[in-house]
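Survey of secondary and tertiary structure
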Amino acid sequence: MVVPRPRPPGLKFKPFGLDISAPWLPRPPKTAPRRLGFTTRELALAERIKRLKKEAGSHSPSAWTLAKLIPELRMKVDACFLSNPYATKLFLMHFHREVIRPRKLRALLELYPSQNRVIATKLGRVLDLEPDSIFVGNGAAEIIQAILHRFTRQKILVNLPTFSPYYEFVRPDTQVVFNFLSKHEEFRFDPGAYLELVRRERPDTVVLINPNNPDGGYVPHAILVELLEELRGVPNVIVDESFIHFACEGNDFAYWSVAEEVERFPNLMVVKSMSKDFGVAGIRAGYAVMAPDRVRALLGNGFLWNSSGLAEYFFDLYSRPDFQERYERERIRFIRNSRRFFAALAQIDGLHVYPTSANFALVELCNGLVAEELVCRLLIRRGIYTRTCDDKKGLETGKFLRIAARNRPENAYIIRSLRRMIG
Ligand SMILES: *Cc1c(COP(=O)(O)O)cnc(C)c1O
């Protein structure tokens, strides 16, 4: 088993008081009237929200899109996007100090970023991995698409519920089979049943998101490594660790990646988005770790300058020990707050909160309320943006929503609002 790398302990650190929580959005109203049903105006707004949501397919419209297309909405808290707001703040503090103030933004925008291999080399140093086993992507979504199109052939096995690109981005000639995680078992992943299914279906690609999106379920590191051993015969094994920074085993806040296992398992590809744990989805940064011949095969399809100047700045920052140390404090602070938030959510009557090792919780309504109604209500009356899961395969009962943890005041506001609305 791989020994987790030591992480610095949580020290007190306060970045500048930059308030970056959606500054372009209008301020919320001072007092929201409390009514039981929707008013005519609210009904019209709800219809527009539902329409936008439908048009966005199996993803949610971003806070940007909502604010632009429905300016009457006064969004206050974005609990739909799954990011660490403290990390965004930390990134912005560095960005101001090192790019904006010294007037270096122009170079980031005017010049080409480094080529894929150059950025991979920088990343290799900080991740302590061979650079030729790293593929840098314009967000993990690009990597998922590249992998599915280059390596997946007849059949892919995906757990449900899941992050939809894993079945949506496949080639038209790829068959998708699902492993249903049952809500009666709290969406727990069962390795034995899974291997049974793999033997029966013989997929050439399997996908495990750890922790899983949208339920936050987590497969402990030791079990996952055992599973990889059992999956040696499967040509492509994708492990998506986009939320791994939030998942800790034991009492210290260390997390366990299987990226190092790529050396032992040439069929393994570990996908990592930087969007969520660093709160920088807008700059599109992600990478994957896989056998060097796989990286070469992907690069053969292009991807020369697929990062941006901003993403390269981020990766440079990420490589620095001083940033790592600050980030670690923000990561731990966020995990602590998130745990408190999930515990408070679970106390609210009428909600069932599924166990989560990520920075969001899958919530089921068990008092007759419909998730879409509650999501619209939260957005219209309280400015809280959450996500219904009606469009998620395996969760189409109309009762599920996913709520992301935010900073402490925002979490408290979400709890207060939910209590008022359904408690
Ligand atoms: C959000 C997400 C991604 C994609 O992230 P990018 O913003 O494209 O880097 C990949 N996998 C999972 C599980 C996600 O939730």
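Structure first, text after, so check above.
Residues numbered from 1 in each chain as written. Predicted model: local features only at pLDDT ≥ 70, side-chain atom pairs only at ≥ 80, totals over all residues. Heavy atoms only, no water.

Along the backbone of the protein chain there are 14 helices and 13 strands. For the protein chain, the C-alpha radius of gyration of 21 Å lies close to 22 Å, the compact-globule estimate for 423 residues. With the principal axes as the frame, the protein chain shows a C-alpha extent of 60 × 60 × 40 Å. Among the 423 residues that make up the protein chain, the fraction classed as buried is 55%. Long-range pairs, those at least 24 residues apart, make up 74% of the contacts in the protein chain between residues at least 6 apart in sequence. Here the protein chain has roughly 19,100 Å² of accessible surface; of this, 54% comes from carbon and sulfur atoms. For the protein chain, the distance from the average site of its 63 positive side-chain charges to the average site of its 47 negative ones is 8 Å. (Helix = DSSP H or I, 4+ residues; strand = E, 2+ residues; numbered from the N terminus. Rg over C-alpha atoms; globule rule 2.2 N^0.38 Å. Buried < 20%, exposed > 50% of the residue type's maximum accessible area, 1.4 Å probe, protein only. Contact = heavy atoms within 4.5 Å. Areas by Shrake-Rupley, 256 points an atom, 1.4 Å probe, with all protein chains shown as cover. Lys, Arg positive; Asp, Glu negative; His and termini not counted. Charge placed at Lys NZ, Arg CZ, Asp CG, Glu CD.)

Now for the site of the ligand. Neighbouring residues of the ligand: 14 residues in total, closest A140, D240, S273, S275 and K276. S275 places a polar side-chain atom, nitrogen or oxygen, 2.6 Å from an oxygen atom of the ligand. Against a free-state accessible area of 390 Å², the protein chains account for coverage of 94% of the ligand. The leading source of residues in the shell around the ligand is helix 6 (residues 140–150), at 3 residues. (Near = heavy atom within 4 Å. Polar contact = N/O pair within 3.5 Å; in protein donor to acceptor, adjacent residues only side chain to side chain.)

So, on to the sheet that holds strand 9 (residues 351–353). A sheet is described by the order of its strands in space; here 4 strands give the open sequence 9-10-13-12, paired in antiparallel fashion. Only two strands of the sheet have a single partner each, and these edge strands are strand 9 and strand 12 (387–388). Pairing of strand 10 (residues 360–365) with strand 13 (residues 400–404) involves 5 bridges; the strand directions are antiparallel. By the bridge assignment, E364 is partnered in strand 13 with F400. (Pairing = 2+ DSSP bridges.)

Okay, the pattern of salt bridges next. Per the stated rule, a full pass over the model turns up 24 salt bridges. With its nearest N and O atoms 3.9 Å apart, the salt bridge here joins R326 to D322. Taken together, the residues R326 and D322, both in helix 12 (residues 321–346) and 4 residues apart, mark about one turn of the helix. For D322, a relative accessible area of 33% corresponds to the partly exposed category. (Salt bridge = Lys/Arg side-chain N within 4 Å of Asp/Glu carboxyl O.)

This next bit is on the pairing of strand 10. Regular strands place side chains that alternate from one sheet face to the opposite one. Taken across its 6 residues, strand 10 has 6 buried, putting it largely inside the fold. Burial of the side chains of strand 10 extends over both faces: F360, L362 and E364 are buried on one face and A361, V363 and L365 on the other. Where strand 9 hands over to strand 10, the hairpin turn is made up of 6 residues, counted between the paired strands.

Turning next to the environment of A107. As for its position among the elements, A107 is in helix 4 (residues 105–110). The partly exposed category is assigned to A107, whose relative accessible area is 39%. In sequence terms A107 and G309 are 202 residues apart; their C-alpha atoms lie 8.2 Å from each other.

Remark: helix 8 (residues 191–201) packs on helix 9 (residues 221–230), axes separated minimally by 11 Å, with the N-to-C direction vectors making an angle of 20°. When the axes of helix 8 and helix 9 are compared, the pair comes out roughly parallel. The interaxial crossing formed by helix 8 with helix 9 has right-handed handedness. Between helix 8, through P191, Y194, L195 and R199, and helix 9, the contact on the second element is made entirely by I223, L227 and E230. Partitioned by chemical class, the residues of the contact of helix 8 with helix 9 number 5 nonpolar, no polar and 2 charged. (Axes fitted to C-alpha atoms, helices over the stretch in contact; angles between N-to-C directions. Parallel < 35°, antiparallel > 145°, perpendicular 65-115°, else oblique. Left-handed = near helix turned anticlockwise from the far one by under 90°. Nonpolar A, V, L, I, M, F, W, Y, C, P; charged D, E, K, R; others polar.)

Next up on the list: a positive patch on the surface. On the surface, R336, R339, R340 and R408 cluster together into a positively charged patch. Sort the elements by how many residues they give to the positive patch and helix 12 lands first, with 3 residues. On the secondary structure map, R408 appears in helix 14 (residues 408–422). (Patch = residues over 30% accessible without salt bridge, like charges linked within 9 Å, V, L, I, M, F, W, Y side chains within 5 Å.)

In this section: helix 11 (residues 309–318). Within helix 11, 8 of the 10 residues are buried, which leaves it mostly tucked inside the rest of the structure. Where helix 11 is concerned, the buried positions are G309, A311, E312, Y313, F314, F315, L317 and Y318. Packed against the buried residues of helix 11 are helix 3 (85–100), helix 4, helix 5 (116–127), strand 2 (134–137), strand 8 (286–290) and helix 12.

Before going further, it helps to examine the packing of aromatic side chains. For the structure on display, the rule yields 24 aromatic pairs. A ring pair is formed by F178 and F180, whose centres lie 6.2 Å apart and whose planes are at 65°; its orientation type is edge-to-face. Taking the relative accessible area as the measure of exposure, F180 reaches 57% and is therefore exposed. Above the ring of Y413, the side-chain terminus of K76 is found at 4.1 Å from the ring centroid. Taking the ring centre of F163 as reference, the NZ or CZ of K276 above it sits at 5.6 Å. (Phe/Tyr/Trp six-rings, centres within 6.5 Å; stacked < 30°, edge-to-face > 60°. Lys NZ or Arg CZ within 6 Å of the ring centre and 35° of its normal.)

A few words on the packing of helix 13 (residues 371–382) against helix 14. Two elements in contact, helix 13 and helix 14, have axes whose closest approach is 11 Å; the angle formed by their N-to-C orientations is 115°. The way helix 13 lies across helix 14 gives a crossing that is right-handed. Along its contact with helix 13, which presents L374, R377, L378, R381 and R382, the element helix 14 presents Y413, S417, L418, R420, M421 and I422. The class makeup of the residues in the contact of helix 13 with helix 14 is 6 nonpolar, 1 polar and 4 charged.

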